[in-house]
Structure formats: C-alpha cells, structure tokens
Amino acid sequence: MVIIKRTTQLSDYLDRHKASKKKIGFVPTMGALHKGHLALVERAKKDSDIVVCSIFVNPTQFNNPSDYQKYPSTLENDIYQLEAAGVDILFLPSIEEMYPNGTKDLEHYDLGYLETILEGQFRPGHFQGVCQVMSRLMKMVLPDALFMGQKDYQQCMVIKRLLEIILLKTEFVTCPTVREADGLAMSSRNLRLNNEERQGAVAIYKTLLALKADLKKGSLASIKKQGVTMLESGGFKVDYVEMADQNTLEIIDDWDGSKPLIVLVAAFLGDVRLIDNMIMRDNNL
Ligand code: AMP
C-alpha cells in the first residue's frame, strides 16, 4: 500500500493507472476504522482494479466543535488494517492540502429538501461540510466507483445529489450496515461510549426491530412515539425517530401500506450522538 499526502502525487500516481484503463474504486473515511469501513474496502476490491481509501477528519462538517475535538483517531492501527485488506493507495491529506485557502467562506451546494430534514435539520451546515470535502476528494481521485455505507443513509442521498451537481458520472455503491454481534451499528463514535453506555447502545437496534415488527398501514404517529419512548427509557436523548420514503426521504405520517419505507434514528447517549436506520418495507416487496 502506498501512502500519499499530497494531491499532486496522488494524481501522478493515479494517472498511470488510469492510462492503463484500470477501474479505480474509492472509499472515503474519517479513520478510527472498524469492520464497517473494511466491508466497503472489500466490496471496492471486488468491483475495482485499484482501491483508493482516504482518511481525513473534515473540520467543516462538524457543527459541534467538541465532537470534532473528541473524534477518535487510531491512525497506526488504521494503516495496518488497510494494508492487510489490500488497499492500494491510502490518501492522508492535511487540512491545508484539502483547504489551501482556509475553511471560511467555502462554496455552498443547493441540496434542497434533503438538507431541511433529519441530519440536515439537527446538524445545521453538516451536509454543506460533507459536500465541500467530498467534492474536493472526488475531483482529486476521479474514481470510477464510490463506495459508501447505508448506515449514513441520508449522506448517501446527499452524495448522489452532489455527483449530479458537480457533473460526475461516478458509479455510486451503497454497502449494507455492518453491526456488532448484539446489533449495534459499528461506528467510530462507539469508541467514545463507556462500558455501561456501550451495553445500553443496543437499544437503538432493538427499537428499530420492534418498530419494524409493529408497523401497520395508516397513521405512523403512534409508532414513531413508541420509538422515542423506547429510546428514552433506555437513557437516550432523542433527536428524531422518523419514517420516510426510502427513495426520496420524504417524511411519511400516513403510510399506504405499500410505499418503500425506512425508519431513521438519531439519539444521544451521554454526549455521544449515534445514528442508525432500517428498511421497513423494501422497494421490491
Ligand atoms: P466515516 O469514517 O464515519 O465518515 O465513514 C466512512 C464510510 O464508512 C461512510 O460511507 C460510512 O457510511 C461507512 N460506514 C460507517 N459505519 C458503517 C457501518 N457500520 N457499516 C457500513 N458502512 C459504514
């Protein structure tokens, strides 16, 4: 695995592979890697000739400064895991490399409705930051395929929109959420949970399963409330428990019994904010 820190070196290196028509797969991350990230790498390896992974904790997407400061970093172990997983290039840019003109007054992307709901509503500016870093990374790597996780469902939709805005035809591959044995969605932020919180965190997954089992046609108000109550009784402070159209993320209050439906949750355990989601009724059913 080659570790590259400068954009110019990255394009020199990639140009050689592109000239020989190699398919480039890209897995962007913020590090503190776990099996969820490695599943993206595995899928990218299967679908591509050359796999590029990046680790960059992007300051512009953190609406909460302490969340940024406390973001876990396990770089040495990350490098070891990516090498073992067969990544070809690890891109490790500095903040100056990504934002040579600083992080103030950056470009704005018109994400429309997507930015007004769920994570967009509860983390103002977050998706602008995600787009600012992803547009830079995408232009630097220019991959044939981009691999991202369903765990960040709304982020996947935002990035698909970004690719349209910046006119890139990159194939977008959504990879399923990888979970711990008890069902907790793997996340770098799980490292910040103490033992007791870690045990309690499984309540999110149990809530999603319970809501899926209890889902009925008609008003969704009481099932959403049931989700909030379950999480609150597990000690969570809930940002949202929402049901939305799986294709558009349009919030659904009254379900016709057939529309593809996803439930999305964000909640704090102590000062750690966790998100998760589950398809309730699939497109194909
Ligand atoms: P992050 O490092 O948290 O920015 O995540 C980098 C990529 O890994 C994103 O595309 C995430 O959606 C994906 N990811 C994070 N956690 C998981 C998981 N548990 N399963 C699958 N993909 C994940």
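For the structure, see preceding data.
Residues numbered from 1 in each chain as written. Predicted model: local features only at pLDDT ≥ 70, side-chain atom pairs only at ≥ 80, totals over all residues. Heavy atoms only, no water.

Caption draft 1: Quick look at the pairing of strand 6 (residues 171-175). Bridge analysis of strand 5 (residues 145-149) against strand 6 gives five bridges, and the strand direction is parallel. Each bridged residue has a counterpart across the sheet, and for Leu146 the counterpart in strand 6 is Phe172. (Pairing = 2+ DSSP bridges. Helix = DSSP H or I, 4+ residues; strand = E, 2+ residues; numbered from the N terminus.)

Caption draft 2: Region of interest: the nonpolar core. In this structure, Leu10, Met98, Met134, Leu146, Ile159, Leu249 and Leu264 are the most contacted members of the largest nonpolar core, which totals 45 residues. If one sorts the elements of this core by residue count, helix 7 (residues 126-141) sits on top with nine residues. Not counting residues within four places of it along the chain, the set of residues in contact with Met134 comprises Pro28, Leu146, Met148, Ile159 and Leu162. (Core = buried A, V, L, I, M, F, W, Y, C linked by side-chain atoms within 4.5 Å. Buried < 20%, exposed > 50% of the residue type's maximum accessible area, 1.4 Å probe, protein only. Contact = heavy atoms within 4.5 Å.)

Caption draft 3: View of the site of the ligand. In the neighbourhood of the ligand, 16 residues make up the surrounding shell, with Met30, His37, Asp152, Val178 and Met186 lying closest. At a separation of 2.9 Å, an oxygen atom of the ligand approaches a polar side-chain atom of His37. Measuring from a nitrogen atom of the ligand, one finds a backbone N or O atom of Val178 at 2.8 Å. Expressed as a share of its isolated accessible area of 490 Å², the protein-covered part of the ligand is 93%. (Near = heavy atom within 4 Å. Polar contact = N/O pair within 3.5 Å; in protein donor to acceptor, adjacent residues only side chain to side chain. Areas by Shrake-Rupley, 256 points an atom, 1.4 Å probe, with all protein chains shown as cover.)

Caption draft 4: Spotlight on the environment of Tyr113. Along the chain, Tyr113 turns up in the loop between helix 5 (95-98) and helix 6 (118-122). Overall, Tyr113 belongs to the partly exposed group, its relative accessible area being 39%. Once the C-alpha coordinates of Tyr113 and Leu249 are considered, the two residues, 136 residues apart in sequence, prove to be 9.0 Å apart. Among residues more than four places away in sequence, those in contact with Tyr113 are Thr248, Leu249, Glu250 and Ile251.

Caption draft 5: Up close: the environment of Phe236. Inspection of the secondary structure assignment puts Phe236 in the loop between helix 11 (221-233) and strand 8 (237-245). Taking the relative accessible area as the measure of exposure, Phe236 reaches 5% and is therefore buried.

Caption draft 6: Summary view of the side chain of His37. For His37, the location among the structural elements is in helix 2 (residues 35-47). Among residues more than four places away in sequence, those in contact with His37 are Thr29, Gly31, Ala32 and Ser188.

Caption draft 7: Up close: the pairing of strand 10 (residues 261-269). Judged by how many residues are buried, strand 10 sits mostly within the fold: eight of nine residues are covered. Both strand 8 and strand 10 contribute to a ladder of eight bridges, which runs antiparallel. Within strand 10, the residue paired with Asp245 across the bridge is Leu261. Linking strand 10 back to strand 11 (residues 272-281) in an antiparallel pair, the connection comprises two residues, with Gly270 at a positive phi of about 60°.

Caption draft 8: Seen up close, helix 10 (residues 203-214). In a regular helix each residue adds 1.5 Å, so twelve residues correspond to 16 Å; helix 10 covers 16 Å between its end C-alpha atoms and thus fits that length. Looking at helix 10, one finds that the buried residues are Ala203, Ile204, Thr207, Leu208 and Leu211. Angularly, the buried residues of helix 10 cover 140° about the axis, an arc narrow enough to put them on a single face. Within helix 10, the exposed residues directed more than 90 degrees away from the buried face are Lys206 and Ala213. Against the buried residues of helix 10 lie helix 9 (195-200), helix 11, strand 8, strand 10 and strand 11. (Expected span 1.5 Å × (residues − 1). Arc of directions from axis to C-beta.)

Caption draft 9: Representation of the packing of aromatic side chains within the structure. This model, assessed by the stated rule, comprises four aromatic pairs. Where Phe62 meets Tyr71, the ring centres are 5.6 Å apart and the plane angle is 75°; that geometry is what we call edge-to-face. Just as Phe62 is buried, Tyr71 falls in that class too. With centroids separated by 5.6 Å and ring planes inclined at 40°, the aromatic side chains of Phe122 and Tyr240 adopt a geometry described as tilted. In this pair, Phe122 sits in helix 6 while Tyr240 sits in strand 8, placing the two residues 118 residues apart along the sequence. Classification of Tyr240 as buried rests on a relative accessible area of 8%. (Phe/Tyr/Trp six-rings, centres within 6.5 Å; stacked < 30°, edge-to-face > 60°.)

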